[in-house]
Structure formats: C-alpha cells, structure tokens
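The chain contents come next:
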Amino acid sequence: MEVTTTYRIRPHHGMCLYFFEGKGYSEGFTKHMAEVKEWLLGKNGPASLQLVGATDEICSACPHNKGGSCESAEKVDRYDAGVLKYTGLKAGQEMTFAEFERIVEEKILQPGYGKVICGDCQWRDLLYYMRSEFSDYMLIKREESDIIKSECVRIPLNILDRI
C-alpha cells in the first residue's frame, strides 16, 4: 500500500492555489508554490492536505515568513477564518486537494463570498475576468510585463461575477 503524504496548508491558500498561475512574491516563492500545487495534485504519489492555522508548506518560501511567523498574521488569519466559516471546515481537518477545491468552489466562489473573505488581497488585482463565447468557459487575462497572455480555463461562468 502506498503511503499518502500530508501537507500542512492554510485554509486561504486553498483559494490561492485554485487560481495560481505562476505569480508570486519572488521567483523562489512562485517556484515553490507551483511545486506544492503539483504535490497536492499527486505528482509525487498520493497526497492530502491538513488545514492549519499557522505557517504552512507554502509559507516556508514566503518573504513575509519571519522565523515561522507571518508578518501579515492579522490579515491572513482573517482570510483563514473566513474560509473556515464559509466552508464549514475546521483547522486540523484532512482531505485531498480535489475535495478542498470542490468545497471552496461550491461554498465560497459560487455564492460570491470570495470578495468578502479576501477582497483586500494584493493578488486579486492580477486577474480580471471576461466572459467568452463558450458557455462553460471564462477567459482569464493576466498581465505579464508588456504582454497580455490569454487562456481559456474551465471554470463555471456563474463564478465570474462573484470572485
């Protein structure tokens, strides 16, 4: 039987990972976040996550992590509390990343609580959304230097106006 690796993940990082597309505080942070997402998706074998209310695997490469404590603790604690409140999950719970993404989508994104939870997050402004002509897609455009990169991503359109 294959052993499942469990990664400690802050609840609000579930929302970050849902939309993560290679942007971050630094090249090292961005590379690490991409690796964590791959790990959670099972690249290195079966994986699960445990929701934690402290610095986690992603925080380990963050420039705001000072000796295991976040310089922005008040803000990220508020984000974590919001995710737990709207999902009904609890710190310490374990699940797969796919389960967590589904819960975040159903309980936060679709009902429109994303803005309530993390409306003042600096990373929200990196994305802006446009409806495409395809009914089950939205076009996400991200600024990359002087170039605009466009991609079609399978995210239900009913989320569009709520994030």
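Relevant structure appears above.
The following refers to the structure shown. Computed from a predicted model, the values in this text were never measured in an experiment. (Residues numbered from 1 in each chain as written. Predicted model: local features only at pLDDT ≥ 70, side-chain atom pairs only at ≥ 80, totals over all residues. Heavy atoms only, no water.)

### Quick look at helix H2 (residues 27-40)
Under the 1.5 Å per step criterion, the end-to-end length of H2 is 20 Å for 14 residues, consistent within 8% with the ideal 20 Å. Among the residues of H2, those classed as buried are Phe29, Thr30, His32, Met33, Val36, Lys37, Trp39 and Leu40. At its buried positions, H2 is contacted by strand S1 (5-9), helix H1 (11-19), strand S2 (47-51) and helix H4 (97-109). Within two residues after H2, Gly42 carries a phi angle of roughly 95 degrees, on the positive side. (Helix = DSSP H or I, 4+ residues; strand = E, 2+ residues; numbered from the N terminus. Expected span 1.5 Å × (residues − 1). Buried < 20%, exposed > 50% of the residue type's maximum accessible area, 1.4 Å probe, protein only. Contact = heavy atoms within 4.5 Å.)

### So, the side chain of Thr87
If you trace the backbone, Thr87 turns up in helix H3 (residues 73-87). One polar contact links the side chain of Thr87 to the main-chain carbonyl oxygen of Val83, over a distance of 2.7 Å. There is a polar contact of 3.2 Å between the side chain of Thr87 and the backbone nitrogen of Leu89. Look past the residues within four positions of Thr87 in its chain and what remains in contact with it is Ile103, Lys107 and Ile108. (Polar contact = N/O pair within 3.5 Å; in protein donor to acceptor, adjacent residues only side chain to side chain.)

### A short note on the pairing of S2
Where burial is concerned, most of S2 is hidden: four out of the five residues are buried. Bridge count for S1 against S2 is five bridges, and the pairing is parallel. Looking at the pairing, Tyr7 lines up with Leu49 of S2. Pairing between S2 and strand S5 (residues 94-95): two bridges, direction antiparallel. (Pairing = 2+ DSSP bridges.)

### A look at the sheet that holds S5
What the three strands build is an open sheet, ordered S1-S2-S5; its pairing is mixed. The open sheet has two edge strands with one neighbour each: S1 and S5.

Interpretation in functional terms is not warranted from these geometric data alone.
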